[in-house]
Amino acid sequence: MPRAFLCTLLGVNAPLAVAGAVYAARQNIAAPLAVPIVAAFLLQVSFYLVPGFPEVRRRLEHHFSPARLALLAVAAAVAPYLVYSLPTGVFHFRALLELAAVCSLVTFVFVLCPVSNPGLAWQDAVAGGTVALVTLARGWRRIYLSPIQGVHLEVMGQIMILGLGAIAFLSLRRLEDTGFQWRTSRAEWKTGMRQFVLFLPVGLAAAYLTGVARFHPVKADPWMYPVLVAGTFLGFYFKTALFEEFFFRGLLQNLTAASLGRPLAAQVITSIVFGLCHLSFRGFPNWRFALVATLIGWFCGQAYRERRSVVASTIAHTLIITSWRLLFPG
(Lines give C-alpha, C1' and ligand atoms only; values in the text may rest on other atoms or scores of the structure.)
Protein backbone atom coordinates (compact mmCIF):
# COMPACT_ATOMS: atom_id res chain seq x y z
CA MET A 1 0.00 0.00 0.00
CA PRO A 2 1.23 3.57 -0.69
CA ARG A 3 3.06 5.11 2.21
CA ALA A 4 0.85 8.22 2.18
CA PHE A 5 -2.25 6.06 2.68
CA LEU A 6 -0.72 4.10 5.57
CA CYS A 7 0.52 7.27 7.27
CA THR A 8 -2.90 8.87 6.90
CA LEU A 9 -4.58 5.76 8.24
CA LEU A 10 -2.38 5.83 11.33
CA GLY A 11 -2.50 9.60 11.69
CA VAL A 12 -6.30 9.65 11.64
CA ASN A 13 -7.15 6.49 13.58
CA ALA A 14 -4.65 6.95 16.42
CA PRO A 15 -6.07 10.26 17.69
CA LEU A 16 -9.63 9.04 17.08
CA ALA A 17 -8.94 5.99 19.24
CA VAL A 18 -7.54 8.19 22.00
CA ALA A 19 -10.50 10.57 21.72
CA GLY A 20 -12.91 7.63 21.93
CA ALA A 21 -11.18 6.27 25.03
CA VAL A 22 -11.19 9.69 26.72
CA TYR A 23 -14.85 10.28 25.91
CA ALA A 24 -15.84 6.84 27.21
CA ALA A 25 -13.92 7.44 30.45
CA ARG A 26 -15.48 10.86 31.02
CA GLN A 27 -19.00 9.59 30.29
CA ASN A 28 -18.50 6.46 32.41
CA ILE A 29 -19.26 4.19 29.46
CA ALA A 30 -18.35 0.60 30.26
CA ALA A 31 -15.61 -1.07 28.22
CA PRO A 32 -17.93 -3.83 26.84
CA LEU A 33 -19.88 -1.05 25.13
CA ALA A 34 -17.12 1.45 24.38
CA VAL A 35 -14.57 -0.93 22.82
CA PRO A 36 -16.85 -2.40 20.08
CA ILE A 37 -18.22 1.05 19.19
CA VAL A 38 -14.78 2.65 18.92
CA ALA A 39 -13.45 -0.34 16.97
CA ALA A 40 -16.38 -0.17 14.55
CA PHE A 41 -15.94 3.57 14.08
CA LEU A 42 -12.22 3.18 13.34
CA LEU A 43 -12.98 0.42 10.84
CA GLN A 44 -15.61 2.61 9.17
CA VAL A 45 -13.22 5.56 8.95
CA SER A 46 -10.55 3.31 7.42
CA PHE A 47 -12.95 2.28 4.65
CA TYR A 48 -13.95 5.93 4.21
CA LEU A 49 -10.31 6.91 3.58
CA VAL A 50 -9.63 4.34 0.84
CA PRO A 51 -11.27 5.96 -2.22
CA GLY A 52 -9.68 9.34 -1.45
CA PHE A 53 -6.32 7.94 -2.60
CA PRO A 54 -6.39 7.47 -6.41
CA GLU A 55 -3.35 5.17 -6.28
CA VAL A 56 -5.13 2.86 -3.80
CA ARG A 57 -8.23 2.80 -6.01
CA ARG A 58 -6.10 1.89 -9.03
CA ARG A 59 -4.48 -1.00 -7.15
CA LEU A 60 -7.87 -2.34 -6.12
CA GLU A 61 -9.17 -2.02 -9.69
CA HIS A 62 -6.10 -3.89 -10.95
CA HIS A 63 -6.23 -6.76 -8.46
CA PHE A 64 -10.00 -7.32 -8.31
CA SER A 65 -12.62 -7.84 -10.97
CA PRO A 66 -15.61 -5.45 -10.79
CA ALA A 67 -17.78 -8.13 -9.18
CA ARG A 68 -15.19 -8.97 -6.53
CA LEU A 69 -14.46 -5.31 -5.87
CA ALA A 70 -18.17 -4.63 -5.39
CA LEU A 71 -18.45 -7.59 -3.03
CA LEU A 72 -15.40 -6.40 -1.09
CA ALA A 73 -16.86 -2.89 -0.83
CA VAL A 74 -20.20 -4.18 0.45
CA ALA A 75 -18.46 -6.39 3.02
CA ALA A 76 -16.30 -3.47 4.19
CA ALA A 77 -19.40 -1.28 4.49
CA VAL A 78 -21.40 -3.83 6.49
CA ALA A 79 -18.59 -5.10 8.74
CA PRO A 80 -18.52 -2.12 11.17
CA TYR A 81 -22.23 -2.56 11.87
CA LEU A 82 -21.62 -6.18 12.89
CA VAL A 83 -18.52 -5.28 14.91
CA TYR A 84 -20.45 -3.02 17.27
CA SER A 85 -24.03 -4.30 17.13
CA LEU A 86 -23.41 -7.98 17.92
CA PRO A 87 -21.43 -7.58 21.18
CA THR A 88 -23.54 -4.63 22.40
CA GLY A 89 -26.90 -6.36 21.89
CA VAL A 90 -28.45 -3.94 19.37
CA PHE A 91 -28.12 -6.23 16.34
CA HIS A 92 -31.27 -6.65 14.26
CA PHE A 93 -31.44 -8.93 11.26
CA ARG A 94 -33.83 -6.51 9.54
CA ALA A 95 -31.30 -3.69 9.88
CA LEU A 96 -28.53 -5.92 8.50
CA LEU A 97 -30.67 -6.86 5.48
CA GLU A 98 -31.59 -3.23 4.85
CA LEU A 99 -27.96 -2.11 5.09
CA ALA A 100 -26.74 -4.93 2.83
CA ALA A 101 -29.51 -4.21 0.31
CA VAL A 102 -28.65 -0.52 0.11
CA CYS A 103 -24.93 -1.21 -0.29
CA SER A 104 -25.51 -3.93 -2.88
CA LEU A 105 -27.85 -1.77 -4.94
CA VAL A 106 -25.39 1.15 -5.01
CA THR A 107 -22.49 -1.03 -6.15
CA PHE A 108 -23.78 -4.02 -8.10
CA VAL A 109 -25.99 -1.98 -10.42
CA PHE A 110 -22.75 -0.94 -12.18
CA VAL A 111 -21.45 -4.52 -12.21
CA LEU A 112 -24.57 -6.20 -13.58
CA CYS A 113 -25.36 -3.35 -15.99
CA PRO A 114 -22.11 -1.56 -16.95
CA VAL A 115 -22.43 2.05 -18.12
CA SER A 116 -20.95 3.08 -21.44
CA ASN A 117 -22.69 6.46 -21.65
CA PRO A 118 -20.53 9.34 -20.36
CA GLY A 119 -23.68 11.23 -19.36
CA LEU A 120 -26.52 10.44 -17.00
CA ALA A 121 -27.75 6.84 -17.17
CA TRP A 122 -30.51 4.97 -15.40
CA GLN A 123 -27.87 3.15 -13.35
CA ASP A 124 -26.77 6.51 -11.95
CA ALA A 125 -30.37 7.25 -10.98
CA VAL A 126 -30.66 3.90 -9.19
CA ALA A 127 -27.41 4.28 -7.23
CA GLY A 128 -27.70 7.99 -6.54
CA GLY A 129 -31.42 7.78 -5.84
CA THR A 130 -30.85 5.01 -3.30
CA VAL A 131 -28.30 7.14 -1.44
CA ALA A 132 -30.59 10.17 -1.53
CA LEU A 133 -33.65 8.24 -0.38
CA VAL A 134 -31.95 6.60 2.59
CA THR A 135 -30.21 9.83 3.60
CA LEU A 136 -33.27 12.09 3.34
CA ALA A 137 -35.44 9.49 5.11
CA ARG A 138 -32.87 9.34 7.94
CA GLY A 139 -32.46 5.62 7.36
CA TRP A 140 -29.08 5.51 9.09
CA ARG A 141 -30.72 6.40 12.39
CA ARG A 142 -32.99 3.37 12.03
CA ILE A 143 -30.13 1.02 11.13
CA TYR A 144 -27.32 2.16 13.43
CA LEU A 145 -29.09 1.86 16.76
CA SER A 146 -27.12 2.93 19.80
CA PRO A 147 -26.81 0.91 23.02
CA ILE A 148 -26.03 4.12 24.93
CA GLN A 149 -28.62 6.79 25.56
CA GLY A 150 -27.55 10.15 24.16
CA VAL A 151 -24.86 8.69 21.90
CA HIS A 152 -25.94 8.77 18.24
CA LEU A 153 -24.25 6.37 15.86
CA GLU A 154 -25.98 7.22 12.57
CA VAL A 155 -22.86 9.21 11.66
CA MET A 156 -21.31 5.82 10.83
CA GLY A 157 -23.84 5.44 8.03
CA GLN A 158 -23.07 8.92 6.71
CA ILE A 159 -19.36 8.12 6.66
CA MET A 160 -19.93 4.70 5.15
CA ILE A 161 -22.08 5.82 2.22
CA LEU A 162 -19.51 8.35 1.00
CA GLY A 163 -16.77 5.71 0.90
CA LEU A 164 -19.09 3.20 -0.74
CA GLY A 165 -20.47 5.73 -3.22
CA ALA A 166 -16.97 6.83 -4.19
CA ILE A 167 -15.93 3.23 -4.84
CA ALA A 168 -19.13 2.59 -6.81
CA PHE A 169 -18.92 5.61 -9.10
CA LEU A 170 -15.14 6.01 -9.41
CA SER A 171 -13.97 2.39 -9.55
CA LEU A 172 -17.02 0.47 -10.83
CA ARG A 173 -18.67 3.05 -13.07
CA ARG A 174 -15.28 4.63 -13.90
CA LEU A 175 -16.56 8.20 -13.68
CA GLU A 176 -14.00 10.86 -14.58
CA ASP A 177 -13.52 14.53 -13.69
CA THR A 178 -14.73 14.47 -10.09
CA GLY A 179 -11.41 15.48 -8.58
CA PHE A 180 -12.25 13.43 -5.49
CA GLN A 181 -9.20 12.93 -3.29
CA TRP A 182 -7.79 13.84 0.11
CA ARG A 183 -4.93 15.93 -1.19
CA THR A 184 -5.63 19.62 -1.63
CA SER A 185 -3.76 22.11 -3.77
CA ARG A 186 -3.16 25.84 -3.51
CA ALA A 187 -5.26 26.33 -6.64
CA GLU A 188 -8.22 24.49 -5.08
CA TRP A 189 -7.98 26.56 -1.91
CA LYS A 190 -7.77 29.74 -3.96
CA THR A 191 -10.84 28.82 -5.99
CA GLY A 192 -12.84 27.70 -2.96
CA MET A 193 -11.99 30.81 -0.98
CA ARG A 194 -12.80 33.09 -3.92
CA GLN A 195 -16.26 31.58 -4.34
CA PHE A 196 -16.81 31.86 -0.58
CA VAL A 197 -15.99 35.60 -0.69
CA LEU A 198 -18.23 36.11 -3.73
CA PHE A 199 -21.09 34.30 -1.98
CA LEU A 200 -20.96 36.48 1.14
CA PRO A 201 -22.77 39.63 -0.08
CA VAL A 202 -25.36 37.66 -2.06
CA GLY A 203 -25.89 35.00 0.59
CA LEU A 204 -26.06 37.44 3.49
CA ALA A 205 -28.56 39.61 1.65
CA ALA A 206 -30.75 36.61 0.85
CA ALA A 207 -30.48 35.28 4.40
CA TYR A 208 -31.51 38.58 5.95
CA LEU A 209 -34.29 39.32 3.46
CA THR A 210 -35.83 35.89 3.99
CA GLY A 211 -35.32 35.95 7.75
CA VAL A 212 -33.29 32.75 7.67
CA ALA A 213 -30.36 34.18 9.63
CA ARG A 214 -29.77 36.70 12.39
CA PHE A 215 -26.31 37.82 13.47
CA HIS A 216 -25.56 36.20 16.82
CA PRO A 217 -21.93 35.02 17.08
CA VAL A 218 -21.10 31.99 19.17
CA LYS A 219 -19.50 33.06 22.42
CA ALA A 220 -16.15 31.56 23.38
CA ASP A 221 -12.95 32.54 25.14
CA PRO A 222 -10.55 34.30 22.75
CA TRP A 223 -7.96 31.54 23.07
CA MET A 224 -10.59 28.90 22.31
CA TYR A 225 -12.00 30.55 19.20
CA PRO A 226 -9.31 29.30 16.78
CA VAL A 227 -9.87 25.77 18.11
CA LEU A 228 -13.63 26.18 17.67
CA VAL A 229 -13.20 27.44 14.09
CA ALA A 230 -10.79 24.64 13.16
CA GLY A 231 -12.95 21.96 14.77
CA THR A 232 -16.11 23.21 13.09
CA PHE A 233 -14.38 23.45 9.72
CA LEU A 234 -12.88 19.96 9.87
CA GLY A 235 -16.09 18.40 11.19
CA PHE A 236 -18.24 19.85 8.41
CA TYR A 237 -15.62 19.23 5.72
CA PHE A 238 -15.33 15.50 6.32
CA LYS A 239 -18.83 14.70 7.59
CA THR A 240 -21.21 16.87 5.55
CA ALA A 241 -19.69 19.09 2.87
CA LEU A 242 -17.56 16.45 1.12
CA PHE A 243 -20.53 14.05 1.03
CA GLU A 244 -22.84 16.65 -0.52
CA GLU A 245 -20.25 17.98 -2.93
CA PHE A 246 -19.30 14.53 -4.19
CA PHE A 247 -22.88 13.55 -4.94
CA PHE A 248 -24.19 16.92 -6.14
CA ARG A 249 -21.22 18.43 -7.96
CA GLY A 250 -18.96 15.44 -8.67
CA LEU A 251 -21.83 13.25 -9.83
CA LEU A 252 -25.01 15.18 -10.66
CA GLN A 253 -23.47 18.35 -12.11
CA ASN A 254 -20.71 16.38 -13.80
CA LEU A 255 -23.06 13.87 -15.44
CA THR A 256 -25.72 16.44 -16.33
CA ALA A 257 -23.09 18.58 -18.06
CA ALA A 258 -21.96 15.54 -20.05
CA SER A 259 -25.56 14.74 -21.04
CA LEU A 260 -26.56 18.29 -22.02
CA GLY A 261 -23.22 19.46 -23.31
CA ARG A 262 -23.92 22.71 -21.43
CA PRO A 263 -21.95 23.03 -18.17
CA LEU A 264 -23.70 26.26 -17.15
CA ALA A 265 -27.16 24.70 -17.50
CA ALA A 266 -25.98 21.71 -15.48
CA GLN A 267 -24.80 24.08 -12.75
CA VAL A 268 -28.22 25.77 -12.65
CA ILE A 269 -30.10 22.46 -12.50
CA THR A 270 -27.83 21.02 -9.80
CA SER A 271 -28.10 24.18 -7.69
CA ILE A 272 -31.90 24.02 -7.79
CA VAL A 273 -31.92 20.31 -6.89
CA PHE A 274 -29.47 21.04 -4.07
CA GLY A 275 -31.82 23.70 -2.73
CA LEU A 276 -34.87 21.47 -2.96
CA CYS A 277 -33.08 18.74 -1.03
CA HIS A 278 -32.81 21.19 1.89
CA LEU A 279 -36.55 21.87 2.07
CA SER A 280 -36.82 19.80 5.24
CA PHE A 281 -34.20 21.87 7.10
CA ARG A 282 -35.79 22.98 10.40
CA GLY A 283 -39.32 22.15 9.29
CA PHE A 284 -40.85 21.13 5.96
CA PRO A 285 -41.31 22.94 3.62
CA ASN A 286 -38.67 25.55 4.45
CA TRP A 287 -38.68 27.45 1.14
CA ARG A 288 -36.65 30.32 2.54
CA PHE A 289 -33.71 28.12 3.48
CA ALA A 290 -34.08 26.20 0.20
CA LEU A 291 -33.52 29.51 -1.62
CA VAL A 292 -30.36 30.22 0.36
CA ALA A 293 -29.20 26.62 -0.19
CA THR A 294 -29.73 27.08 -3.94
CA LEU A 295 -27.40 30.08 -3.83
CA ILE A 296 -24.84 28.05 -1.88
CA GLY A 297 -25.15 25.35 -4.52
CA TRP A 298 -24.52 27.86 -7.30
CA PHE A 299 -21.25 29.17 -5.83
CA CYS A 300 -20.06 25.67 -4.92
CA GLY A 301 -20.96 24.57 -8.44
CA GLN A 302 -18.94 27.45 -9.83
CA ALA A 303 -15.92 26.35 -7.79
CA TYR A 304 -16.33 22.83 -9.14
CA ARG A 305 -16.77 24.03 -12.74
CA GLU A 306 -13.68 26.22 -12.57
CA ARG A 307 -11.39 23.57 -11.10
CA ARG A 308 -13.14 20.28 -12.05
CA SER A 309 -12.61 19.23 -8.46
CA VAL A 310 -15.00 18.52 -5.60
CA VAL A 311 -12.16 19.51 -3.29
CA ALA A 312 -12.50 23.14 -4.45
CA SER A 313 -16.28 23.11 -4.09
CA THR A 314 -16.02 21.39 -0.68
CA ILE A 315 -13.68 24.11 0.57
CA ALA A 316 -16.17 26.79 -0.52
CA HIS A 317 -19.07 24.84 1.01
CA THR A 318 -17.28 24.30 4.32
CA LEU A 319 -16.21 27.93 4.63
CA ILE A 320 -19.82 29.01 4.10
CA ILE A 321 -21.29 26.56 6.61
CA THR A 322 -18.56 27.19 9.20
CA SER A 323 -19.17 30.93 9.03
CA TRP A 324 -22.93 30.34 9.24
CA ARG A 325 -22.67 28.11 12.32
CA LEU A 326 -20.31 30.44 14.18
CA LEU A 327 -21.91 33.79 13.29
CA PHE A 328 -25.57 32.92 12.67
CA PRO A 329 -26.36 29.97 14.94
CA GLY A 330 -29.84 28.92 15.96
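As a starting point, this report considers the structure included with it. Remember, it's a predicted structure, so these values are computed and weren't measured experimentally.

### Considering the packing of helix H11 (residues 263–276) against helix H12 (residues 287–307)
Thought 1: Between H11 and H12, the least distance of the axes is 7 Å, while the angle of their chain directions is 145 degrees. Every pair of crossing elements has a handedness; the one defined by H11 and H12 is right-handed. For the pair H11 and H12, the contacting residues are Pro-263, Leu-264, Gln-267, Val-268, Ser-271, Ile-272, Phe-274, Gly-275 and Leu-276 in the first and Trp-287, Ala-290, Ala-293, Thr-294, Ile-296, Gly-297, Trp-298, Gly-301, Gln-302 and Arg-305 in the second.
Thought 2: Here the residues of the contact of H11 with H12 sort into 11 nonpolar, 7 polar and 1 charged.

### Quick look at the nonpolar core
Here is a general trend for soluble globular proteins: nonpolar side chains tend to be buried in one another's company.
Thought 1: Counting 66 residues, the largest nonpolar core has Tyr-84, Leu-99, Trp-140, Tyr-144, Met-160, Leu-164 and Phe-246 as the members making the most contacts within it.
Thought 2: Among the elements that take part in this core, helix H8 (residues 155–172) stands out by supplying 12 residues, more than any other.
Thought 3: Other than its neighbours up to four places away in sequence, Tyr-84 contacts Pro-36, Ile-37, Ala-40, Val-90, Ile-143, Tyr-144, Leu-145, Pro-147, Leu-153 and Met-156.
Thought 4: Grouped together as the second largest cluster of nonpolar side chains are 26 residues, Ala-207, Tyr-237, Ile-320 and Phe-328 included.

### Side note on H8
Thought 1: Taking 1.5 Å of rise per residue, 18 residues should cover 26 Å, and H8 covers 25 Å from first to last C-alpha, within 8% of that figure.
Thought 2: The buried fraction of H8 amounts to 16 of the 18 residues, a majority that puts the element mostly inside the structure.
Thought 3: Phi turns positive, to about 65 degrees, at Arg-174, one or two residues after H8.

### Regarding the packing of helix H10 (residues 225–260) against H12
Thought 1: For the pair H10 and H12, the least separation of the axes is 11 Å and the interaxial angle reads 65 degrees. It follows that H10 is roughly perpendicular to H12 by the angle criterion. Along this stretch, H10 crosses H12, giving a crossing that reads as right-handed. Residue-level contacts link Glu-245, Arg-249, Gly-250, Gln-253 and Asn-254 of H10 to Gly-297, Cys-300, Gly-301, Tyr-304 and Arg-305 of H12.
Thought 2: For the contact of H10 with H12, a count of residues per class yields 2 nonpolar, 5 polar and 3 charged.

### Some details on the environment of Ala-258
Thought 1: Within the element layout of this structure, Ala-258 appears in helix H10.
Thought 2: Separated by 139 residues in the primary sequence, Ala-258 and Gly-119 have C-alpha atoms spaced 4.7 Å apart.
Thought 3: Residues contacting Ala-258, with those up to four places away along its chain left out, are Pro-118 and Gly-119.

### Quick look at unusual backbone geometry
Thought 1: Here Asn-28, not a glycine, exhibits a phi torsion of approximately 55 degrees, which is positive.
Thought 2: Of the residues examined, Asn-28 reaches a relative accessible area of 69% and is grouped as exposed.

### Looking at the pattern of salt bridges
Thought 1: Here the structure, examined in full by the defined rule, presents 9 salt bridges.
Thought 2: The partner of Glu-55 in a salt bridge is Arg-183, and the shortest N-O contact between them spans 3.0 Å. Of the two residues, Glu-55 is situated in helix H3 (residues 54–63) and Arg-183 in the loop between H8 and helix H9 (186–210); the sequence distance between them amounts to 128 residues.
Thought 3: Arg-141 is paired through a salt bridge with Glu-154; the nearest N and O atoms lie 3.6 Å apart. Pair noted here: Arg-141 is in helix H7 (residues 139–143) and Glu-154 is in the loop between H7 and H8, with a separation of 13 residues, a long-range link.
Thought 4: A relative accessible area of 47% means that Arg-141 is categorised as partly exposed.
Thought 5: Taken together, the salt bridges that share partners define one network made up of Arg-94, Glu-98 and Arg-142.

### Here's the deal with H11
Count 3.6 residues to each turn of an α-helix, and residues three or four apart come out pointing the same way.
Thought 1: For H11, built from 14 residues, the straight-helix expectation of 20 Å at 1.5 Å per residue is met to within 8% by its first-to-last C-alpha distance of 20 Å.
Thought 2: Here H11 has its buried residues at Ala-265, Ala-266, Gln-267, Thr-270, Ser-271, Phe-274 and Gly-275.
Thought 3: Buried residues along H11 sit against H10, H12 and helix H13 (310–327).

### Focus: the packing of aromatic side chains
Thought 1: In the structure shown here, the tally under the stated rule is 20 aromatic pairs.
Thought 2: One residue, Arg-249, lies across the ring of Phe-274, its end atom 4.6 Å from the ring centre.

### Re the side chain of Thr-318
Thought 1: Summarising the element assignment, Thr-318 is placed in helix H13.
Thought 2: With a relative accessible area of 0%, Thr-318 lands in the buried category.
Thought 3: Excluding anything up to four places from it in sequence, Thr-318 contacts Phe-233, Phe-236, Tyr-237 and Ala-241.

### What about the environment of Arg-174?
Thought 1: Turning to its location among the elements, Arg-174 is positioned in the loop between H8 and H9.
Thought 2: Separated by 13 residues in the primary sequence, Arg-174 and Ala-187 place their C-alpha atoms 25 Å from one another.

Cut-offs applied
Residues numbered from 1 in each chain as written. Predicted model: local features only at pLDDT ≥ 70, side-chain atom pairs only at ≥ 80, totals over all residues. Heavy atoms only, no water. Axes fitted to C-alpha atoms, helices over the stretch in contact; angles between N-to-C directions. Helix = DSSP H or I, 4+ residues; strand = E, 2+ residues; numbered from the N terminus. Left-handed = near helix turned anticlockwise from the far one by under 90°. Contact = heavy atoms within 4.5 Å. Nonpolar A, V, L, I, M, F, W, Y, C, P; charged D, E, K, R; others polar. Core = buried A, V, L, I, M, F, W, Y, C linked by side-chain atoms within 4.5 Å. Buried < 20%, exposed > 50% of the residue type's maximum accessible area, 1.4 Å probe, protein only. Expected span 1.5 Å × (residues − 1). Parallel < 35°, antiparallel > 145°, perpendicular 65-115°, else oblique. Salt bridge = Lys/Arg side-chain N within 4 Å of Asp/Glu carboxyl O. Phe/Tyr/Trp six-rings, centres within 6.5 Å; stacked < 30°, edge-to-face > 60°. Lys NZ or Arg CZ within 6 Å of the ring centre and 35° of its normal.

It is worth stressing that arrangement in space is one thing and function is another; only the former is reported here.
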